[in-house]
Amino acid sequence: MASHAKNSLMKKSLALLATFVIASTHQTLLGDWTYTVTDNQATITAYSGDDTEVIIPAELDGMAVVKVEGGSYKSIFDPSSSSVTSVTIPDSVTNIGSYAFTGCESLTSITIPDSVTSIGDYAFAYCFNLTSITIPDSVTSIGDYSFFSCTSLTSITIPDSVTSIGDGAFGL
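These notes cover the structure that comes with them. Just so we're clear, the structure is a prediction, and the values are computed from it rather than from any experiment.

Conventions we followed
Residues numbered from 1 in each chain as written. Predicted model: local features only at pLDDT ≥ 70, side-chain atom pairs only at ≥ 80, totals over all residues. Heavy atoms only, no water. Helix = DSSP H or I, 4+ residues; strand = E, 2+ residues; numbered from the N terminus. Buried < 20%, exposed > 50% of the residue type's maximum accessible area, 1.4 Å probe, protein only. Contact = heavy atoms within 4.5 Å. Areas by Shrake-Rupley, 256 points an atom, 1.4 Å probe, with all protein chains shown as cover. Salt bridge = Lys/Arg side-chain N within 4 Å of Asp/Glu carboxyl O. Patch = residues over 30% accessible without salt bridge, like charges linked within 9 Å, V, L, I, M, F, W, Y side chains within 5 Å. Lys, Arg positive; Asp, Glu negative; His and termini not counted. Charge placed at Lys NZ, Arg CZ, Asp CG, Glu CD. Phe/Tyr/Trp six-rings, centres within 6.5 Å; stacked < 30°, edge-to-face > 60°. Pairing = 2+ DSSP bridges. Core = buried A, V, L, I, M, F, W, Y, C linked by side-chain atoms within 4.5 Å. Axes fitted to C-alpha atoms, helices over the stretch in contact; angles between N-to-C directions.

Moving on, we come to the overall build of the protein chain. Helices and strands together make up the secondary structure of the protein chain, namely 1 helix and 14 strands. Counting every position in the protein chain, which comprises 172 residues, the buried fraction comes to 38%. A separation of at least 24 residues holds for 38% of the contacts in the protein chain among residues at least 6 apart in sequence. About 9,400 Å² of surface is accessible on the protein chain, with carbon and sulfur atoms providing 53% of the total.

So, about the pattern of salt bridges. Scanning the model with the defined rule gives 1 salt bridge in all. Its salt-bridge partner being Glu69, residue Lys67 comes within 3.5 Å of it at the nearest N-O pair. Using a relative accessible area of 22% as the deciding quantity, one classes Lys67 as partly exposed. Of the residues examined, Glu69 reaches a relative accessible area of 24% and is grouped as partly exposed.

Next up on the list: a negative patch on the surface. A cluster of like negative charges, contributed by Asp32, Asp50, Asp51 and Glu53, occupies part of the molecular surface. Mapped onto the elements of the fold, Glu53 is located in strand β4 (residues 53-55).

What follows deals with the environment of Phe101. Summarising the element assignment, Phe101 is placed in the loop between β8 (95-96) and β9 (109-111). Residue Phe101 is classed as buried on the basis of its relative accessible area of 0%. For Phe101 and Tyr126, which are 25 residues apart along the polypeptide, the C-alpha to C-alpha distance reads 8.8 Å.

Applying the stated criterion to the full structure yields 12 aromatic pairs. Arranged with centres 5.2 Å apart and planes meeting at 75°, the rings of Tyr73 and Tyr99 form a pair that is edge-to-face. Placement of Tyr73 in the loop between β6 (63-68) and β7 (86-88) and of Tyr99 in the loop between β8 and β9 is noted, with a sequence separation of 26 residues between them. With relative accessibility at 15%, the residue Tyr99 sits in the buried group. Pairing Phe101 with Phe124 gives two aromatic rings, centres 5.3 Å apart and planes at 20°, and the pair type is stacked. With Phe101 in the loop between β8 and β9 and Phe124 in the loop between β10 (118-119) and β11 (132-134), this residue pair connects regions lying 23 residues apart in the sequence. Residues Phe101 and Phe124 agree in their burial class; the two are buried. Three or more aromatic residues joined by ring pairs form one cluster here, namely Trp33, Tyr47, Phe77, Phe101, Phe124, Phe147 and Phe170.

This next bit is on the pairing of β6. Where strand β3 (residues 41-47) meets β6, 3 bridges bridge the pair, whose relative direction is parallel. When the bridges of β6 are listed, Ile44 appears paired with Val68. Following strand β5 (residues 59-60), the chain reverses through 2 residues before pairing antiparallel with β6; Asp61 in that reversal takes a positive phi of roughly 55°. Bridging between β6 and β8 involves 2 bridges; their strand directions are parallel.

One finds Ile96, Phe101, Ile119 and Phe124 to be the most contacted residues of the largest nonpolar core, which totals 38 residues. Broken down by secondary-structure element, the contributors of at least two residues to this core are β2 (33-38), β3 and β6.

Pairing is parallel in the open sheet, where 3 strands are placed in the order β4-β7-β9. Each end of this open sheet is capped by a strand with a single partner; those strands are β4 and β9. Sheet twist, expressed as the average angle between the axes of neighbouring strands with direction ignored, equals 10°. Note: β7 against β9, 3 bridges, orientation parallel.

In this section: the environment of Val66. Checked against the element boundaries, Val66 lands in strand β6. Separated by 26 residues in the primary sequence, Val66 and Ser92 place their C-alpha atoms 5.4 Å from one another. The residues touching Val66, leaving out its near neighbours within four places in the chain, are Gln41, Ala42, Ser92, Val93, Thr94 and Asn95.

No statement about biological role is implied by the geometric values presented.
Structure, rendered in structure tokens:
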């Protein structure tokens, strides 16, 4: 009986371990870009270059870049967030995820393509020098605190397509 219980426990432990391994996200590095892959599509999670004017690639290793997302309360440019002045996002991107550009203190210009449908929580929070932004007609949701503490923001265009604006999205 003890042997059966031991085998059962071992099988459950292995099944749980397999679940974690399958669910884990593998980070891949290509040049200055770190990204993850889901369903043959790339999500950029970090940039290690030192350019101040950054053009996000439409493809990485033959896969379309569909999302840009920071993590753990930091942008994709962390720790060099303060030096980035402009970002161009390609048409392949449909989602600007949480914390993507948070804390980019010198960011003055961002180009959001018509392909983007959502802007995540804290995506542009603490971008103190961002002065204006045009949200394309394709966007339907703006997450919580997306533009929080963007103290230089004097012009923003929000289209009728936006049906959801999160808490504190434009708060100071």
